[in-house]
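Architecture at a glance
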Amino acid sequence: VCLAVLCCWRALRHGCRWAAAVMIGGVLAIIGGVRPQTVPGLAPLVAYVFWRSPRQRLTKLAAALCVCASGTLVWLVPMVWMSGGWAAYVDLFHRHFTVTATGVGGGIDALLWNVFFAGLYCWNGLVLGVVLLAGALLARVRMDRDRKERWDATHREALRVLTLWIGPMILMGTVVTY
């Protein structure tokens, strides 16, 4: 996931070139092979990246989606075959989803489980960043007003990326499933 976010960040910084579109699609396909529920959580960030692209937004997004779909087929077809066919795969997926999905049948137990793991994974993913965040916030507190405004303007894009990354992932993990 961090690699996908890094690819999105670099694409934003460098105007979302064709190579970045292909890379984003490929990374999403790999992520989908490991944790398929993560890909929809990254969709708002990916959409934002291509929306901010200076040229050929929809064409680059379509290319990324084609790469992602092709890469997904590389892992999905063998997995469905090893599961015993499409019907068996869908049955297993449905059984897992109805137990772990909060709104589909998992109920309060699934919600509590998902909230616990959302917190745990956020802590795990952000624990090393806490030192940097604390240092940045301490430095910002000590700035005068003009310098704070310049700092906010300089880091606005990074805050958007962070919000579009973390927010949907927490929402997907809590409401849908972990």
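Residues numbered from 1 in each chain as written. Predicted model: local features only at pLDDT ≥ 70, side-chain atom pairs only at ≥ 80, totals over all residues. Heavy atoms only, no water.

Let us look at helix α2 (residues 18-34). Its 17 residues place the ends of α2 25 Å apart at the C-alpha level, agreeing with the 24 Å of an ideal helix rising 1.5 Å per residue. Looking only at α2, the buried set comprises A20, A21, I24, G25, V27, L28, A29, I31 and G32. In the core, the buried residues of α2 are packed alongside α1 (2-13), α3 (38-51) and α4 (57-83). (Helix = DSSP H or I, 4+ residues; strand = E, 2+ residues; numbered from the N terminus. Expected span 1.5 Å × (residues − 1). Buried < 20%, exposed > 50% of the residue type's maximum accessible area, 1.4 Å probe, protein only. Contact = heavy atoms within 4.5 Å.)

The subject of this paragraph is the packing of aromatic side chains. This model, assessed by the stated rule, comprises 2 aromatic pairs. Their ring planes at 40 degrees and their centres at 5.9 Å tell us that Y48 and W51 sit as a pair that is tilted. Of the two residues, Y48 and W51 are both situated in helix α3; the distance of 3 residues between them amounts to about one turn of the helix. Measuring from ring centre to ring centre gives 5.9 Å for W86 and Y89, while their planes differ by 35 degrees; the resulting arrangement is tilted. Here W86 pairs with Y89, and both are found in helix α5 (residues 86-100), just 3 residues apart, close to one helical turn. A residue is classified by how much of its surface remains accessible, and Y89, at 17% relative accessible area, is buried. (Phe/Tyr/Trp six-rings, centres within 6.5 Å; stacked < 30°, edge-to-face > 60°.)

With the rule as written, the count across this model stands at 4 salt bridges. The residue D152 makes a salt bridge to R140 at a minimum N-O spacing of 2.7 Å. Of this pair, D152 sits in helix α8 (residues 145-154) while R140 is found in helix α7 (residues 129-141), placing the two residues 12 residues apart along the sequence. The class for D152 is partly exposed, based on a relative accessible area of 26%. Residue R160 is joined to E157 by a salt bridge in which the shortest nitrogen-to-oxygen separation is 3.7 Å. Placement of both R160 and E157 in helix α9 (residues 156-176) is noted, with a separation of 3 residues, approximately one turn of the helix. Relative accessible area serves as the criterion here: at 18%, E157 is assigned to the buried category. Residues joined by salt bridges that share partners form a network here, namely R52, E157 and R160. (Salt bridge = Lys/Arg side-chain N within 4 Å of Asp/Glu carboxyl O.)

A separate point is the packing of α1 against α2. Contact pair α1 / α2: the axes reach a minimum separation of 9 Å and the direction vectors enclose 165 degrees. If you check the angle between α1 and α2, you find them roughly antiparallel. Judged by the twist between their axes, the crossing of α1 over α2 is left-handed. In this structure, α1 uses L3, A4, C7, C8 and A11 to contact α2, whose residues at the interface are A20, M23, I24, V27 and I31. (Axes fitted to C-alpha atoms, helices over the stretch in contact; angles between N-to-C directions. Parallel < 35°, antiparallel > 145°, perpendicular 65-115°, else oblique. Left-handed = near helix turned anticlockwise from the far one by under 90°.)

The next point concerns the environment of V39. Along the chain, V39 falls in helix α3. Residues V39 and M169, spaced 130 residues apart in sequence, show a C-alpha to C-alpha distance of 9.2 Å. With residues up to four places along the chain from it excluded, the contact list for V39 reads L28, I31 and G32.

Right, let's get into the state of the cysteines. Each disulfide consists of one covalent bond between the sulfur atoms belonging to two cysteines. Inspection of the entire model under this criterion finds 0 disulfides. Between C68, a cysteine without a disulfide, and C66, which holds the nearest cysteine sulfur, the sulfur-to-sulfur distance is 9.9 Å. Its relative accessible area of 12% is what places C68 among the buried residues. (Disulfide = S-S within 2.5 Å.)

Attention shifts here to the packing of α2 against α3. One way to put it is that α2 packs onto α3 with a least axis distance of 10 Å and a crossing angle of 170 degrees. Taken together, the axes of α2 and α3 are roughly antiparallel relative to one another. The residues of α3 that touch α2, namely those facing A21, I24, L28, I31 and G32, are T38, V39, L42, V46, V49 and F50. Classifying every residue of the contact of α2 with α3 gives 9 nonpolar, 2 polar and no charged. (Nonpolar A, V, L, I, M, F, W, Y, C, P; charged D, E, K, R; others polar.)

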